[in-house]
Amino acid sequence: VVISLAPSFIASFPDMTLEKLRSDLSAVGFWAIEETAVGAEIVASHYRQAVNNSNKTVISSCCPVIVSLIKKYYPTLVENLAPVLSPMLVHAKLLKHKHGNDCFVVFTGPCIAKIAEAKNNSPLIDAVLTFNQLNSLLAKLKPVNGAGEMAEQPDNSVTKPYKYARMFPIAGGILKATFPDADNNEELIAVDGLRQCILVFDSL
């Protein structure tokens, strides 16, 4: 059982380091704990290519709520969605390749919409836990340090390899991860919040 841990774990587990969280998750039975930021980094590179190679507006496509909104209410903008999987799905593909297709991939993050996205993309993602559910699981099972066997983790995952990819969950984070040096580019905008997205889609 392998966990894909969304970058926003820092907000939901403020009193835990990544190593402590890994240790506790291992103690309750998870074999490998890796960061979804690995997938986000790949997604950012594909977004960069999509924007640089397109002559039309490109809309990021990693939020299942926004993708559903566009498909239902703005069908003419579907072709503007970047043809890129979400970081969750990209990372799941990597995990299946790394640990074998029979590994059980669990994504954990703050967003309940990921549950529906996972159901629509089975068998890439086998289960989704929100951070609230994960907190409850850890509280119920009360991990003991040192219990359980954990797969070897990436050597650099506790340092800074995903400096920008870890910004995906914050407002403007996807833009910052995709174009870290484009602060004054007026052709690139970051929008957060459903109402603001609707205003932009209406304009487009």
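Everything that follows concerns the structure shown earlier in this document.
Residues numbered from 1 in each chain as written. Predicted model: local features only at pLDDT ≥ 70, side-chain atom pairs only at ≥ 80, totals over all residues. Heavy atoms only, no water.

S.K.: I tried to follow the overall build of the chain on my own but got confused; where do I start?
M.R.: When you go through the chain residue by residue, the secondary structure sums to nine helices and four strands. For 204 residues, the compact-globule formula gives about 17 Å, and the C-alpha radius of gyration of the chain, at 18 Å, lands near that figure. Its C-alpha atoms give the chain principal-axis dimensions of about 55 × 35 × 30 Å. Counting over 204 residues, the chain shows a buried share of 42%. Counting contacts in the chain only where the partners sit at least 6 residues apart, residues at least 24 apart contribute 68% of the total. Roughly 11,500 Å² of accessible area belongs to the chain as shown, and the carbon and sulfur atoms make up 54% of that amount. Taking the average place of the 18 positive charges on the side chains of the chain and the average place of its 19 negative ones, the gap between the two points comes to 5 Å. (Helix = DSSP H or I, 4+ residues; strand = E, 2+ residues; numbered from the N terminus. Rg over C-alpha atoms; globule rule 2.2 N^0.38 Å. Buried < 20%, exposed > 50% of the residue type's maximum accessible area, 1.4 Å probe, protein only. Contact = heavy atoms within 4.5 Å. Areas by Shrake-Rupley, 256 points an atom, 1.4 Å probe, with all protein chains shown as cover. Lys, Arg positive; Asp, Glu negative; His and termini not counted. Charge placed at Lys NZ, Arg CZ, Asp CG, Glu CD.)

S.K.: Is there a simple way to explain the pattern of salt bridges in this structure?
M.R.: A side chain of one charge can pair with a side chain of the opposite charge if their charged atoms are brought near each other. Counted by the stated rule, this structure contains six salt bridges. Here Lys-114 and Glu-117 are joined by a salt bridge, their closest N and O atoms 2.8 Å apart. Of the two residues, Lys-114 and Glu-117 both sit in helix α6 (residues 113-119), three residues apart, roughly one turn of that helix. Looking at Lys-114, the relative accessible area reads 9%, which means it is buried. (Salt bridge = Lys/Arg side-chain N within 4 Å of Asp/Glu carboxyl O.)

S.K.: Looking at this structure, how should I read the layout of surface pockets?
M.R.: Over the atoms, a rolling probe the size of a water molecule traces out where space has been left empty. Considering only enclosed or pocket space, the second largest pocket measures out at about 340 Å³ in volume. In this structure, the second largest pocket is lined by 17 residues; those nearest its centre are Pro-64, Val-67, Lys-71, Glu-117 and Asn-121. Listed by contribution, the elements that provide at least two residues to the lining of the second largest pocket are α4 (64-73) and α6. With four residues, the top contributor of residues to the lining of the second largest pocket is α4. Looking at the lining of the second largest pocket residue by residue, the class counts come to ten nonpolar, five polar and two charged. (1 Å grid on protein atoms, 1.4 Å probe; cavity = no way out; pocket = protein on both sides within 12 Å on 5 of 7 lines; lining within 4 Å. Points joined across faces, edges and corners; volume = space filled by probe spheres on them. Nonpolar A, V, L, I, M, F, W, Y, C, P; charged D, E, K, R; others polar.)

S.K.: Would you mind showing me how to read the pairing of strand β2 (residues 32-35) here?
M.R.: As a general feature of sheets, a regular strand has side chains that alternate between the two faces. A two-sided burial pattern is seen for β2, the buried positions comprising Ala-32 and Glu-34 on one face and Ile-33 and Glu-35 on the other. For strand β1 (residues 2-5) and β2, the ladder comprises four bridges, and the chain directions are parallel. Within β2, the position partnered with Leu-5 by the bridge is Glu-35. (Pairing = 2+ DSSP bridges.)

S.K.: I tried to follow the environment of Phe-179 on my own but got confused; where do I start?
M.R.: By the secondary structure assignment, Phe-179 is in the loop between α8 (173-178) and α9 (194-203). Overall, Phe-179 belongs to the buried group, its relative accessible area being 16%. The sequence separation of Phe-179 and Lys-142 amounts to 37 residues, and the corresponding C-alpha distance is 42 Å. With near-sequence residues (within four places) excluded, Phe-179 lies in contact with Arg-48, Val-51, Asn-52 and Leu-188.

S.K.: Would you mind going over the side chain of Thr-36 with me for this structure?
M.R.: By secondary structure assignment, the location of Thr-36 is in the loop between β2 and α3 (37-52). Judged by relative accessible area, Thr-36 falls into the buried class, the value being 3%. Not counting chain neighbours up to four residues away, the residues in contact with Thr-36 comprise Ser-4, Leu-5, Ala-6, Pro-7, Pro-87, Met-88, His-91 and Phe-107.

S.K.: Teacher, can you tell me more about the nonpolar core here?
M.R.: General note: in soluble globular proteins, nonpolar side chains tend to be found buried as a group. Ile-3, Leu-5, Leu-25, Phe-30 and Ile-125 are the most contacted members of the largest nonpolar core, which totals 28 residues. Elements with a contribution of two residues or more to this core: β1, α2 (18-27), β2, α5 (87-99), β3 (105-109) and α7 (131-141). Leaving out residues up to four positions away in the same chain, Ile-125 has contacts with Met-88, Leu-89, Ala-92, Val-105, Phe-107 and Ala-118. (Core = buried A, V, L, I, M, F, W, Y, C linked by side-chain atoms within 4.5 Å.)

S.K.: Help me understand the packing of α4 against α9 in this model?
M.R.: The packing of two helices is summarised by the inter-axis angle and the distance between the axes. Relative orientation of the contacting elements α4 and α9 amounts to 40°, with a least axis distance of 12 Å. α9 is crossed by α4, and the crossing has right-handed handedness. For the pair α4 and α9, contact is made by Ile-66, Leu-69 and Ile-70 and by Leu-194, Cys-197, Ile-198 and Phe-201, respectively. Its residues assigned to classes, the contact of α4 with α9 shows seven nonpolar, no polar and no charged. (Axes fitted to C-alpha atoms, helices over the stretch in contact; angles between N-to-C directions. Left-handed = near helix turned anticlockwise from the far one by under 90°.)

So yeah, pure geometry; function would need other evidence.
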